[in-house]
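Structural overview
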Protein chains: 2
Amino acid sequence: MTAAGTTAALVTRPANVRYLAAAAPQGSALLLGKREDLLVCTGPPEDRHEGRPDESLRLHVLPSNGAGAGGDAAVAAADLATAQGADSLAVEEHHLTVARHRAIASVAPGLRLGDLGGAVEQLRVVKDEEEISCLRIGAEIADQALGELLESILVGRTERHLALELERRLVDHGADGPAFATSVATGPNSGRRGHRPTDRRVEEGDFLTVCLGATYRGYRCEIGRTFVIGTSPADWQIELYDLVFAAQRAGRESLAPGAAYRDVDRAARHVLDSAGYAEALPPLTGHGVGLEIDEDPQLAPASMGKLDACVPVTVEPGVHLPGRGGVRIDDTLVVRPEADGGPELLTITTKELLAL
Amino acid sequence: MTAAGTTAALVTRPANVRYLAAAAPQGSALLLGKREDLLVCTGPPEDRHEGRPDESLRLHVLPSNGAGAGGDAAVAAADLATAQGADSLAVEEHHLTVARHRAIASVAPGLRLGDLGGAVEQLRVVKDEEEISCLRIGAEIADQALGELLESILVGRTERHLALELERRLVDHGADGPAFATSVATGPNSGRRGHRPTDRRVEEGDFLTVCLGATYRGYRCEIGRTFVIGTSPADWQIELYDLVFAAQRAGRESLAPGAAYRDVDRAARHVLDSAGYAEALPPLTGHGVGLEIDEDPQLAPASMGKLDACVPVTVEPGVHLPGRGGVRIDDTLVVRPEADGGPELLTITTKELLAL
């Protein structure tokens, strides 16, 4: 608010509301007011997946007929800011639509509207130990789900079935749900970032890339592994795997407080680059995780900034060769100083090339 | 564009892009330009779930380094609109964020920006027979998944497991995926709209409310049923069920071309109201379905407008008694004139009160 020059702020992006209020009931907005802070909800908060609102926070539940604000918590919150005597309000312009922004301006014409920008997102980058502990439990759950899948018969099953099976296992082991749409990629699809499962069936000789994560108390982690189906991988598969493994290790080993985001990216990217895969490279080789699966920082060539201790990030280089498939290896780690043992690996499933 | 007084329009809401372009690759934007229409994508479209772009449409794939527009297809499209000689551009102010709107204004300072409003959403209300056929197949899939669940043992299983099981069955039967998060509600949770599954287990004597839907080629349908667990329902359960059934039937029977949205709502609501459940009533008793699960029209007390033929809607009244549970019955139907046999029921699972 100081930076935006306003006396009050309105937080609407759900993960930001959740971070500051410990809960984000659907459609809620958080007013950081001149006199007091209010969590404005369209109904009584009751869903355990959305957390329990911080007890120091006053709840303001809109009447169910939505009177006065068209049922929009942000618009109602702007009205409440005025009632508290605020003359200006910083809003999240990267989240509010033009239409909602206009509705706020119209219900509170006396308020000067400013931009809160990514201020809350920046607060979220460094995690406390309680947050890291949620990520650690989520990673254990994902490791368990993946481990069980590897013990089952895979040949002949479709990508979609394997993905659904993994999601069921995540919930079995206590996850709120998957952290993102589970990706299972076989044969020519393997190694593709964010591949959506198809009806293709696992075949002997395939590469199989699996990327999944658990949400635990709102916190989202990520693990990705590539396996080979059948008894002995082909030479090209071993070579490609070793290369991506080396790139991923280089990225992991460069994680340290003070390391530039782009240097971590470069460490991983350089290994692939010098082996001639510059064209096949992804736009980033890792990113922050937390209440969202893809949050700051971005580990990418043009990213500005340096890592701090207690920042959880993924390191996930991959190579996909169109028509043939590829390899992707993805871990979630927490940046720690060398005195504390260096980066803490949360996702501990083996990164040996397993033949399943 | 005529209404907005502009020479070009930019469509960004994904379901609207999909409707007009037959595909909506992630992050894409559709420019209805002065000289030609362009589907602007951040990468080559390849995902079958997102459809195949209309062949008459020119694709414009942004360079992967995102040069010039920060990788934002909407910003790039505004630039392309200028290059085509447009002097004004209607945008979807209810979808674009303030920050993206500003980025568009900044990359194309010569463009006067107007508001396209809900113009595309309005085009989407009446469906053609191809769209209805996708909804019909989706409804068949949902009926099948639900039917199989009813044949299995339910007592002792958790809401979350039953929901995951239903979603797996939807995919088994050919759905792209669930149309929305499957809701399974037992005992005191039963009858709650949009209940998110918990770890509560099904018990003898429970009401069990299940609400699910399939997405088929992008189109989303919805079915909801309430059952009783055990051999003989209690008297209060039979009474409540009969009441909600009567309300739902009244809603269904009032569906006709020319019927006011709010009269359909009133038909269903009146039955519950006059039985003394005014307080427990939901804000709406039905809504349109299509490329989104909740689209126009809203069947609610304050809705303005009248039904047309070939509009698919849900009719889904319910009563939830806090601490006891409740009943919800939900169908997807297509409005048809009486000469064509009246409303077409897509979700055909029985609405008798089954004891499972």
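Within any chain, residue numbers begin from 1 and follow the written order of that chain's sequence. Lettering of chains starts at A and numbering of ligands starts at 1, both following the order in which they are written. At least 70 in pLDDT is required for a residue's local features to be given in this predicted model, at least 80 for side-chain atom pairs to be given and counted, and no such filter applies to totals for whole chains, interfaces and linings, which use all residues. Neither water nor hydrogens contribute to the side-chain values; these are computed over all heavy atoms in the structure.

In the nomenclature of an unreviewed UniProt entry, chain A corresponds to Peptidase from the organism Streptomyces alanosinicus.

**Describing the interface of chain A and chain B**
Let me state the cut-off plainly: Contacts are assigned to residue pairs that have any heavy atoms within 4.5 Å of one another. A 1.4 Å probe defines the accessible area here, and the buried area is the portion of it lost by two parts on being joined, summed over both. What counts as a salt bridge is simple: a side-chain nitrogen of Lys or Arg found within 4 Å of a carboxyl oxygen of Asp or Glu. Pairing of N or O atoms within 3.5 Å defines a polar contact, subject to two protein rules: one partner must be a possible hydrogen donor and the other a possible acceptor, and residues neighboring in sequence count only if both atoms are side-chain atoms. Runs of H or I in DSSP of at least four residues are treated as helices and runs of E of at least two as strands, each being numbered from the N terminus. Three categories are distinguished: nonpolar for Ala, Val, Leu, Ile, Met, Phe, Trp, Tyr, Cys and Pro, charged for Asp, Glu, Lys and Arg, and polar for the others, with Gly belonging to the last.
Taken together, the contact between chain A and chain B spans 27 residues of the former and 27 residues of the latter. Around 2,300 Å² of area is buried between chain A and chain B when both sides are counted, 49% of it from carbon and sulfur atoms. Looking only at chain A, the three residues that lose the most surface to chain B are Val98(A), Arg160(A) and Arg196(A), adding up to 25% of its buried area. On inspection of chain A and its partner chain B, the count reaches 2 salt bridges. Here Glu93(A) makes a salt bridge to Arg102(B), at a shortest N to O gap of 2.4 Å. Counting across the interface, chain A meets chain B through 14 residue pairs in polar contact (both at pLDDT 80 or more). Where the side of chain A that touches chain B is concerned, the elements lending two or more residues are α3 (98-107) and α6 (159-172) of chain A. Broken down by element, the residue count for the side of chain A that touches chain B peaks at 7 residues, all from α6(A). Of the residues assigned to the side of chain A that touches chain B, the class counts are 7 nonpolar, 6 polar and 14 charged.

**Some points on the packing of helix α7 (residues 235-253) of chain A against helix α8 (residues 261-274) of chain A**
All names here are of chain A. Operational definition: Here, axes are lines fitted to C-alpha atoms. For helices the fit covers the stretch in contact, and angles between N-to-C directions go from 0 to 180 degrees. Orientation is classified from the angle alone, with under 35 degrees giving roughly parallel, over 145 giving roughly antiparallel, 65 to 115 giving roughly perpendicular, and any other angle giving oblique. Handedness of a crossing is defined here by the sense of rotation of the near helix relative to the far one, left-handed for an anticlockwise turn of less than a right angle and right-handed for a clockwise turn.
Look at α7 against α8: their axes get within 7 Å of each other, and the N-to-C directions meet at 160°. Judged on the interaxial angle alone, α8 and α7 are roughly antiparallel. Judged by the twist between their axes, the crossing of α7 over α8 is right-handed. Residues Leu 243, Val 244, Ala 246, Ala 247, Ala 250 and Gly 251 of α7 pack against Val 264, Ala 267, Ala 268, Val 271 and Leu 272 of α8. Looking at the contact of α7 with α8 residue by residue, the class counts come to 10 nonpolar, 1 polar and no charged.

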